[in-house]
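Chains, contacts and geometry: an overview
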Amino acid sequence: MRRATGTETRSRTQKPQKSLFGKPFDGGKRMDHGGPQEQQQHPMDQQQQPYHMQHPAMMRLYEVQKEVSSLGPQVCTFSGLQNDRDYKRLERELTRLLLEVDKVDTEGKPDLQGARKRAAQEVEGLLRYLEENASHPSRQAIEELSNDARQLVDERVVAPQRAGGVAEISDELVDTLQEIVLRLTQIKTEGRVPLRKARYRALTRLCAVQDVLEGRTQQQTLSLPLSGDTHEAVHCINQVMVKVSVARGQLVALLMGLSGRDSCAHLSRILTEMQVELDALDVSGNAAIRNYRKQVVEEINGLLKHLDLEGEGDDTRRYDLAQNNSIREIEAVRAHISHLREGVLRHRAMGDLGFRPKAELQSLLTHLDQVDTAKNPCIREARRRAVVEVQAIITFLDLREAIARRQPGPNEHPSHRAVWLVLGSLSDLQAQVLGFDGKRADKSYMILEELLTKQLLALDAVDPHGDETTKVARKQAVKFAQNILNYLDMKTDEWEY
């Protein structure tokens, strides 16, 4: 493989590279906005070209340029790893083109040498871009989290079903998957299309598995199936329900890359056949059985909606959220939240308890609830964070109002009074957290974290002495302190869309 040295290396680091016919090439930065742009002018039409396109060297370089132009968009949007088949194919094709460029005989003519040099730089730039993204630490982090989720789902769901057993979908499993989703959303992509695409594809599949498993959790609570003695159609519906349970496991395996035999198209056909079978049943005379069939049909539809994920993430609009309308709407709400938060803190500093924009904050929650996330996990996380910001201000106002109204009686339990003293301190600390705008490495962050932890320890030291009111108050205070800590962490985790 040809590697430029000396003055060639310095020229690449000091100024933008140019493509074969003088078009600037920025080593991959422009690729983050949709890939290399095609030549806007055919080389035959360039009046200043010193050598006619019929020259053998220029003709060969022009053929190479056309191949580079076709490979460029594929390199720009490749979101896999170095051991993927497509990576090896792209690397092989680009290496071949680099060797082809090296073979071009320039006859010692400077203009031909310059054209060959630019062609080599463009191919090398694509190779570099391909390698950097496939081996980027964020790409590795995405793969590690995906593997963690895959192993978890395999052990808890797929393997038991393949062994003929029944998977137990516990709250612990659902919560662990949610934690992985949150960690995925926090991976930095540096604005790179391949990294955004890889993160989005991992998130969409994991969120789909969550939906399937959570649906199964709800299914386990239903009083189904009905007795086979009720109606002849019930036995048929029960048989379909068994098939649906098997299909659910197959779907989870497909989404997590744990199925080497099945395909989304094959499973879609099976589920569609189940629907046809259910539609053919005559249940018109029994409302209960009709509802039973309806539930099973809805269960099948819920599985079918996740079978279009094979091409998910190929649409730039889905994972490039800078211009997404829902994100813009969320950001507008966040700007309003910031304005209200500043107002709340300003009036608190003046000792004014009359400023209570709770109705306005509640309306913002309603607004956020109506934002269309299109099942995009990144938009969903952005909305969740905005909701947390609103709720933090509301709880602060509620506690401040409760402290202002509090009128302890002479018979108040000492432990209950101790809890309220901690709540007063937590209210002051929450005001500082609401106004905090820094990073975790900042000294002020460390001080706030330490003070909040001390309040939790103070609550642990409170002995209710059997007083139920104190027990409830202490439990609520602990939850309140933990929520403040979580909010502080959320503000400083440097999350991006």
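Described in the following lines is the structure provided in the data block. Predicted, not measured: the structure shown is a model, and the values here were computed from it.

1. Description of the overall build of the chain
- Assigned secondary structure in the chain consists of 17 helices and 2 strands.
- Split into buried and exposed, the 497 residues of the chain put 44% on the buried side.
- Within the chain, counting contacts between residues at least 6 apart in sequence, those at least 24 apart form 75% of the total.
- Accessible surface, the chain: about 26,200 Å² in total, of which carbon and sulfur atoms supply 48%.

2. What to know about the packing of aromatic side chains
- One pass over the structure, following the stated rule, counts 2 aromatic pairs.
- Each ring, one from Phe78 and one from Tyr87, has its centre 5.9 Å from the other, and the planes form 45°; the classification is tilted. You'll find Phe78 and Tyr87 in the same group, each marked buried.
- Each ring, one from Phe436 and one from Tyr445, has its centre 6.3 Å from the other, and the planes form 50°; the classification is tilted. Both residues of the pair, Phe436 and Tyr445, belong to the buried class.

3. Focus on the packing of helix 12 (residues 325-349) against helix 14 (residues 377-405)
- Packing of helix 12 against helix 14 leaves a shortest axis separation of 10 Å and a crossing angle of 20°. Considering the angle they form, helix 12 stands roughly parallel to helix 14. By crossing handedness, the relation of helix 12 to helix 14 is classed as left-handed. Taking contact as the criterion, the partners of Ser326, Ile327, Ile330, Arg334, Ile337, Arg341, Val344 and Arg348 in helix 12 are, on helix 14, Ile379, Ala382, Arg383, Ala386, Glu389, Val390, Ile393, Phe396, Leu397 and Arg400.

4. Topic: the nonpolar core
- Judged by nonpolar contacts, the single largest core of 53 residues is most densely connected at Val153, Leu177, Leu184, Val252 and Val296.
- Where this core is concerned, the elements lending two or more residues are helix 5 (137-162), helix 6 (171-185), helix 7 (193-219), helix 8 (232-255), helix 9 (264-279) and helix 10 (287-304).
- A total of 12 residues in this core trace back to one element, the largest contributor, which is helix 8.
- Beyond its immediate sequence surroundings of up to four residues, Val252 is in contact with Val153, Val157, Val158, Val209, Val212 and Leu213.
- In terms of nonpolar packing, the next biggest core, distinct from the first, is built from 47 residues, Ile393, Leu423, Leu426 and Tyr487 among them.

5. A short note on helix 9
- Taking 1.5 Å of rise per residue, the 16 residues of helix 9 would be expected to cover 22 Å, and the 22 Å separating its terminal C-alpha atoms lies within 8% of that figure.
- Within helix 9, the full set of buried residues consists of Cys264, Leu267, Leu271, Met274, Gln275 and Leu278. Seen along its axis, helix 9 keeps its buried residues to an arc of 100°; they face one direction. What points out from helix 9, more than 90 degrees from its buried face, is the exposed set Glu273, Val276 and Asp279.
- On its buried side, helix 9 packs onto helix 8 and helix 10.

6. Focus on unusual backbone geometry
- One non-glycine residue with positive phi stands out, namely Glu107, at about 55°.
- When you line up the elements, Glu107 lands in the loop between helix 3 (85-103) and helix 4 (110-134).

7. Concerning helix 16 (residues 443-460)
- For helix 16, built from 18 residues, the straight-helix expectation of 26 Å at 1.5 Å per residue is met to within 8% by its first-to-last C-alpha distance of 26 Å.
- Among all positions of helix 16, only Tyr445, Leu448, Leu452, Gln455, Leu456 and Leu459 are buried. Burial along helix 16 is one-sided: seen end-on, the buried residues are contained in an arc of 100°. Residues of helix 16 that are exposed and point over 90 degrees away from its buried face: Lys443, Leu457 and Asp460.
- In this structure, the buried side of helix 16 is in contact with helix 15 (414-435) and helix 17 (468-491).

8. Things to note about the pattern of salt bridges
- For the structure shown, the criterion picks out 25 salt bridges.
- Close ionic contact of Lys243 with Glu277 constitutes a salt bridge, the shortest N to O distance being 3.5 Å. Of this pair, Lys243 sits in helix 8 while Glu277 is found in helix 9, placing the two residues 34 residues apart along the sequence.
- Taking the shortest distance from any N to any O, the salt bridge between Lys358 and Asp398 comes out at 2.4 Å. With Lys358 in helix 13 (residues 358-369) and Asp398 in helix 14, this residue pair connects regions lying 40 residues apart in the sequence.
- Looking at Lys358, the relative accessible area reads 27%, which means it is partly exposed.
- Connected through salt bridges with shared partners, the residues Glu331, Arg334, Arg341 and Glu389 form a single ionic network.

9. Things to note about the environment of Val297
- Residue placement: Val297 occurs in helix 10.
- Sequence spacing of Val297 and Val240 is 57 residues, and the spatial spacing of their C-alpha atoms is 9.7 Å.

10. Notes on the side chain of His136
- Within the secondary structure, His136 sits in the loop between helix 4 and helix 5.
- Looking at His136, its side chain comes within polar contact range of the main-chain nitrogen of Ser138, at 3.0 Å.
- Residues within four places of His136 in sequence aside, it is in contact with Glu190, Arg192 and Leu195.

11. Describing the side chain of Arg400
- As for its placement among the helices and strands, Arg400 is situated in helix 14.
- Since its relative accessible area comes to 11%, Arg400 is described here as buried.

12. Some words on the packing of helix 12 against helix 13
- Their axes nearest at 11 Å, the elements helix 12 and helix 13 cross at an angle of 165°. Taken together, the axes of helix 12 and helix 13 lie roughly antiparallel to each other. Crossing geometry of helix 12 relative to helix 13 is assigned as left-handed. Where helix 12 abuts helix 13, its residues Glu329, Ile330, Val333, His336, Ile337 and Leu340 lie against Glu360, Leu361, Leu364, His367 and Leu368.
- Partitioning the contact of helix 12 with helix 13 into residue classes produces 7 nonpolar, 2 polar and 2 charged.

Here is what the cut-offs are and how they apply
Residues numbered from 1 in each chain as written. Predicted model: local features only at pLDDT ≥ 70, side-chain atom pairs only at ≥ 80, totals over all residues. Heavy atoms only, no water. Helix = DSSP H or I, 4+ residues; strand = E, 2+ residues; numbered from the N terminus. Buried < 20%, exposed > 50% of the residue type's maximum accessible area, 1.4 Å probe, protein only. Contact = heavy atoms within 4.5 Å. Areas by Shrake-Rupley, 256 points an atom, 1.4 Å probe, with all protein chains shown as cover. Phe/Tyr/Trp six-rings, centres within 6.5 Å; stacked < 30°, edge-to-face > 60°. Axes fitted to C-alpha atoms, helices over the stretch in contact; angles between N-to-C directions. Parallel < 35°, antiparallel > 145°, perpendicular 65-115°, else oblique. Left-handed = near helix turned anticlockwise from the far one by under 90°. Core = buried A, V, L, I, M, F, W, Y, C linked by side-chain atoms within 4.5 Å. Expected span 1.5 Å × (residues − 1). Arc of directions from axis to C-beta. Salt bridge = Lys/Arg side-chain N within 4 Å of Asp/Glu carboxyl O. Polar contact = N/O pair within 3.5 Å; in protein donor to acceptor, adjacent residues only side chain to side chain. Nonpolar A, V, L, I, M, F, W, Y, C, P; charged D, E, K, R; others polar.

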